[in-house]
Structure formats: C-alpha cells, structure tokens
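Okay, here's what each chain looks like letter by letter:
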Amino acid sequence: MKKIRPVQLVAVIFFTVSGGPYGLEPLLTYAGQHGAILLLLITPLLWDVPAIYTVLELNSMMPVTGGYYKWVKHALGTRWGFYEGWWTWLYTFVDLAIYPVLFVQYAAFFYPELTLHKTEICLIIIWASAGLNILGIVPVGKVTLFLSAVVLTPFIILFVLAFYHHTGSIALPAPSLKGIGISSLGMALYTVMWNCLGWDNTTTYAEEVEKPVRSYLVSMMIAFILVITVYVLVIWVAQFSGINATTLMNDGFPALASLIGGHWLGVLIAVGGMASTLGIYASVLLSVSRVPMVMADDELLPAGLKRQHKKFNTPYISIIVCSVVVSGMIQWGFTDLLIIDVIVYGAGLSLEYISLIKMRMKEPDRHRPFKIPFGIPGLCIGLILPVAIYFTALAGALSSTPGAVLAAVFAIITLLSAELLWQVIRWSKRGKIIG
C-alpha cells in the first residue's frame, strides 16, 4: 500500500482542521473590534492545544487505523468506543454537509444564478469527492496539497497589499470582552471552535502514513502555526481596513479583498473559497470513512462497511454510505449545522481526554514516543480548560435565538441516540459479551 508523506500530511491536516479562514467572517459581528483577536488567540490555546497534545500522545502509543475509536475502546471498553465512533460519524455528516453549500456561495460570486442549482452542484461535489477517496489516500494528499496553494496564495497577496498600501494605524484595538453578551460570546466561541476542530480526525488513517509518530508530530505543529497565523492576520486586516462587520459576514472575504486590492483580488479569494471547500470535504471524508470500517470489524456496525476495494484497498462501501447520508443533509442552515457540529464533536473529544488519563493510570510504563510533560493531576487541570470553553459556548447557544436553541437540543438528542443504539446492539447479540 502506498503511504502518504509528511508534506502531504500537512496539507490533509490543514484541510481537515481549517482549509483557510473561510467561516470566520461572522467573528467581528459577534465579538466586536475589541474581542475578535483576543478570542482568536485565547480559544485555540484552551481548545486546540490540549486536543493536539492528547492526540499526539495517544497516536504515538497506538498509530492504528480507526484512531480515536480504537483509543477509547482500548481505554474505556467497547461501549464507550462505540459512543466515540457513533458520535464522530454523526458529527462528520453534519460537518461535511456544510462545505458543498459554501462552495456554491463562493461560486455565486461569479455567477449568482448558480444558487438556483445548489442541490445539483452539491451532489456533483459529494460524489466526485467520493470517487477521489475511493482511489486512495495518496491521490487525496496530492489534490489537497495543490488546493492548499490555491487557498493560501490569494491571502498572502491580500496581506502584502493590505500592509503595503495602508497608511494609517495598524495597531490592534485594546483587547476586551466587555459589553459582549453571553449569546454573542457563545456564537463567537462556536465560530472560532468550529474553525479549529478535527485534530483527532487526522489519525484514523495512521497506518497509511509514513513513519506516523514523527510525521504527525511535525505535521500537526506546522499546521497549527499555519492555521492560527492566517486567522489572526485576516481578522487584523479586516479591522484596519474599516470594512463593515455586517458586510464581511454577509459577503465574505471576497468583499474584503475587493476593498483592499480591487475586483481581481476578490475573484482570487472567491476561487480560494471554492478550493477550500473541496479540500476540506475530501480530507474529512478520508478521515471519517475509516471509522465505520473498523467498527464493522468489531461487529458494531453492518459487516458490509468493512469491505475494501480490490484494487485500491479503500473502504469504498463506507465512503458510499457516508456520501449518501450527506447528500440528504445539504439543505440545512449554516449556523444550525455549526452548533450541532461543535456540540457533538466536543462530547467525543471529552472521551479522548478521559482515555488519555485512564491509560496513564492503567498503563503507566507503556512506551510513549511522545508524552505530555505532566502527571495525572496536571493533565486533569489542563483538560478543565477545553471543557470550560465548551460549556461556555453551549450556554451562549442556549440563550441565543430559537433556531440556535433547537440546534443545540437536536445535538443533545443526537448524543443520547448512542445509548439507544448500543442497547439495540446488545439485544441483538444477547448471550455474547461485547463490552
């Protein structure tokens, strides 16, 4: 089997987690001039860094296909492993449904009438990506490496022009969250969290990566620095450009680019937005398609999901099933999908944190090529931070608009569905111990 190289892994991680700053446009509206950069710097430190370190330690111990599902199953048992796999599968369906819709929005910059054919265009993207993933991880890596250049180049041009032509002050407004209501703070946190989630998703194909322990360590660090740098710069440029926050939220970064460099730069940023959605979709589908395969191996999902393509050795049935489900979800609204996405993802991430601590207690002497430099008390204290961010954002959503409340309630029901399905599985296998 051909394996992906570190340089391609950086591109796949970049698209799995970010894909560029597209999606950050509402941040200035929610957090204001004084809170936007502050949240962009603080939230990744509290939300992403603990996740990255947890993923690196667990992946160094068990660099296996299925990643987080296998870690949780090993540490907490089959039941919680099923929870982890089920929750992640569901949240990824929601996540994937966002990107074909965003592609149409950016394509409408050129041809507004394309919005009338949103469904057809979304379906083409979904099934073209399915075909690419069936070909294997190496083609996905090569495509995402190319798309990452298409995404980042226009923003580099934007940053250079913005700083070169700007004659006024480029100082950041004094950082403060004063005056931001709990609902606005919650939506601002969701916006940043959604644009920075998915580090664990990149481990489900670890056996298809060259020298996985070292490759993940280097690639994740590079990707994290790249993502945060681009995010901070684009919001900083938006602030000193004077663009109206509502305009930025409604018209996106092409409007900012047109303001700074003219229509031609707006075109490049719009093209980058289209490339971003394609790269994210292909990368996320790559990660999620491996989870049903290994769960089917454990007889927790139908056996057909573990079937692999005879030529490409890819879980093509799983890829097709994922694509069918996403095809039925492309009519949902962006804000609702974002809230559902983060809530369900955060629940799965919490099981990975618990697994990290449990394995430190249960297997203290097991070889860990990468180990977080804290004992169990330090880990517990450190992991309180992402949990605090998670519940702050949830409280904000529950105090927000009725639509946001319904999305949050739907996400909670989705989480509870794991126990219902687990009981069905136990009943179907009564007499056989499954965990």
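Look up: the structure comes first, before these words.
Rules of the game
- Residues numbered from 1 in each chain as written.
- Predicted model: local features only at pLDDT ≥ 70, side-chain atom pairs only at ≥ 80, totals over all residues.
- Heavy atoms only, no water.
- Helix = DSSP H or I, 4+ residues; strand = E, 2+ residues; numbered from the N terminus.
- Rg over C-alpha atoms; globule rule 2.2 N^0.38 Å.
- Contact = heavy atoms within 4.5 Å.
- Areas by Shrake-Rupley, 256 points an atom, 1.4 Å probe, with all protein chains shown as cover.
- Lys, Arg positive; Asp, Glu negative; His and termini not counted.
- Charge placed at Lys NZ, Arg CZ, Asp CG, Glu CD.
- Patch = residues over 30% accessible without salt bridge, like charges linked within 9 Å, V, L, I, M, F, W, Y side chains within 5 Å.
- Salt bridge = Lys/Arg side-chain N within 4 Å of Asp/Glu carboxyl O.
- Phe/Tyr/Trp six-rings, centres within 6.5 Å; stacked < 30°, edge-to-face > 60°.
- Buried < 20%, exposed > 50% of the residue type's maximum accessible area, 1.4 Å probe, protein only.
- Axes fitted to C-alpha atoms, helices over the stretch in contact; angles between N-to-C directions.
- Parallel < 35°, antiparallel > 145°, perpendicular 65-115°, else oblique.
- Left-handed = near helix turned anticlockwise from the far one by under 90°.
- Nonpolar A, V, L, I, M, F, W, Y, C, P; charged D, E, K, R; others polar.
- Core = buried A, V, L, I, M, F, W, Y, C linked by side-chain atoms within 4.5 Å.
- Arc of directions from axis to C-beta.
- Expected span 1.5 Å × (residues − 1).

K.L.:
So what exactly am I meant to see when it comes to the overall build of the chain here?
P.N.:
Each helix and strand in the chain was counted, giving 16 helices and 0 strands. Taken over the C-alpha trace, the chain has a radius of gyration of 21 Å; the compact-globule value for 435 residues is 22 Å, and the two agree within 12%. If you line up the chain on its principal axes, its C-alpha atoms span 70 × 50 × 45 Å. Nonlocal contacts in the chain, meaning residues at least 24 apart in sequence, comprise 83% of its contacts between residues at least 6 apart. As presented, the chain carries roughly 17,300 Å² of accessible surface, and 69% of it is formed by carbon and sulfur atoms. Each charge class in the chain can be summarised by its mean position, and for the 26 positive and 21 negative side chains these summaries are 10 Å apart.

K.L.:
Explanation requested: a nonpolar patch on the surface in the structure shown.
P.N.:
On the surface, Leu123, Trp127, Ile320 and Val324 cluster together into a nonpolar patch covering about 320 Å² of accessible area. Of all elements in the fold, only α5 (118-135) and α13 (316-327) reach the threshold of two or more residues within the nonpolar patch. Mapped onto the elements of the fold, Ile320 is located in helix α13.

K.L.:
What should I look at first to understand the packing of aromatic side chains in this one?
P.N.:
Aromatic ring pairs are described here by two measures, namely the spacing of the ring centres and the angle between the planes. Enumeration according to the criterion identifies 21 aromatic pairs in this entry. Where Phe82 meets Trp422, the ring centres are 5.8 Å apart and the plane angle is 40°; that geometry is what we call tilted. Taken together, the positions of Phe82 in helix α4 (residues 78-107) and Trp422 in helix α16 (residues 402-428) put the pair 340 residues apart, joining distant regions of the chain. Judged on exposure class, the residue Phe82 and its partner Trp422 are both buried. Here a set of aromatic residues connected by ring pairs shows up, and it is made of Tyr22, Tyr106, Phe155, Phe159 and Phe253.

K.L.:
Whenever I open this one, unusual backbone geometry confuses me. Can you help?
P.N.:
Both trends apply: most residues other than glycine have a negative phi, and most peptide bonds are in trans. Positive phi, normally seen in glycine, also occurs at Lys211, with a value near 45°. Examined against the element boundaries, Lys211 turns out to sit in the loop between α7 (182-194) and α8 (212-241). Within the chain, Glu299 stands out as a residue other than glycine whose phi angle is a positive 60°. Looking at where Glu299 falls in the secondary structure, it is placed in the loop between α12 (290-297) and α13.

K.L.:
What am I meant to see in the packing of helix α2 (residues 27-61) against helix α15 (residues 376-398) here?
P.N.:
Two quantities define a packed helix pair, namely the angle between the axes and the distance from one axis to the other. The contact between α2 and α15 brings their axes to 9 Å, and the two run at 130°. In terms of orientation, α2 and α15 fall into the oblique class. At the point where α2 passes α15, the crossing takes the left-handed sense. Residues Thr43, Leu46, Trp47, Pro50 and Thr54 of α2 form the contact with α15, whose own contacting residues are Gly382, Leu383, Leu385, Pro386, Ile389 and Tyr390. Each residue belonging to the contact of α2 with α15 can be placed in one class, and the counts come to 8 nonpolar, 3 polar and no charged.

K.L.:
What am I meant to see in the pattern of salt bridges here?
P.N.:
Where charged atoms from two side chains of opposite charge approach closely, those side chains can pair. One pass over the full model with this rule turns up 7 salt bridges. Across the pair Glu57 and Arg368 runs a salt bridge, and its minimum N-O distance is 3.1 Å. Of this pair, Glu57 sits in helix α2 while Arg368 sits in the loop between α14 (334-362) and α15, and the two are 311 residues apart along the sequence. Each member of the pair, Glu57 as well as Arg368, carries the same accessibility label: buried. Linking Arg290 and Glu208 is a salt bridge whose minimum nitrogen-to-oxygen distance equals 3.2 Å. Of this pair, Arg290 sits in helix α12 while Glu208 is found in the loop between α7 and α8, placing the two residues 82 residues apart along the sequence. The two residues Arg290 and Glu208 agree in class, both being buried. Via salt bridges that share partners, Glu57, Arg360 and Arg368 belong to a single interconnected network.

K.L.:
How should I be thinking about the environment of Ala418 in this particular structure?
P.N.:
Mapped onto the fold, Ala418 is located in helix α16. Along the backbone, Ala418 and Ala149 are 269 residues apart, and their C-alpha atoms lie at a distance of 39 Å. When near neighbours in sequence (up to four residues on either side) are disregarded, Ala418 contacts Phe82, Tyr83, Trp86 and Trp87.

K.L.:
Sorry if this is basic, but what is going on with the side chain of Ser355 here?
P.N.:
Note on placement: Ser355 falls in helix α14. Taking relative accessible area as the criterion, Ser355 reaches 0% and is therefore assigned buried.

K.L.:
Explain the nonpolar core here, please?
P.N.:
Soluble globular proteins: nonpolar side chains tend toward being buried together. Membership of the largest hydrophobic core comes to 156 residues, with the highest contact counts inside it found for Tyr190 and Ile339. Ranked by residues supplied to this core, first place goes to α4 with 19 residues. Residues contacting Tyr190, with those up to four places away along its chain left out, are Leu338, Ile339, Val342, Ile343, Ala393, Leu394 and Ala397.

K.L.:
Would you mind showing me how to read helix α3 (residues 68-76) here?
P.N.:
One turn of an α-helix holds 3.6 residues; hence residues three or four places apart share an orientation. The complete set of buried residues in α3 reads Tyr68, Tyr69, Trp71, Val72 and Ala75. In a view along the axis of α3, the buried residues occupy a sector of 165°, so they form one face of it. With its phi angle positive at about 105°, Gly77 sits one or two positions after the end of α3.

K.L.:
What am I meant to see in α8 here?
P.N.:
Between the first and last C-alpha of α8 there are 42 Å, a value that for 30 residues agrees with the 44 Å anticipated at 1.5 Å per step. In the stretch just after α8, Gly242 is the one whose phi turns positive, near 85°.

K.L.:
I'm lost on the packing of helix α11 (residues 263-288) against α13 in this one. Help?
P.N.:
Close contact between α11 and α13 brings their axes to 10 Å; oriented N to C, the two are set at 125°. Judged by the inter-axis angle, α11 sits oblique to α13. Crossing hand, α11 versus α13: right-handed. Of α13, the residues touching α11 (which contributes Tyr281, Leu285 and Val288) are Ile319, Cys322, Ser323 and Val326.

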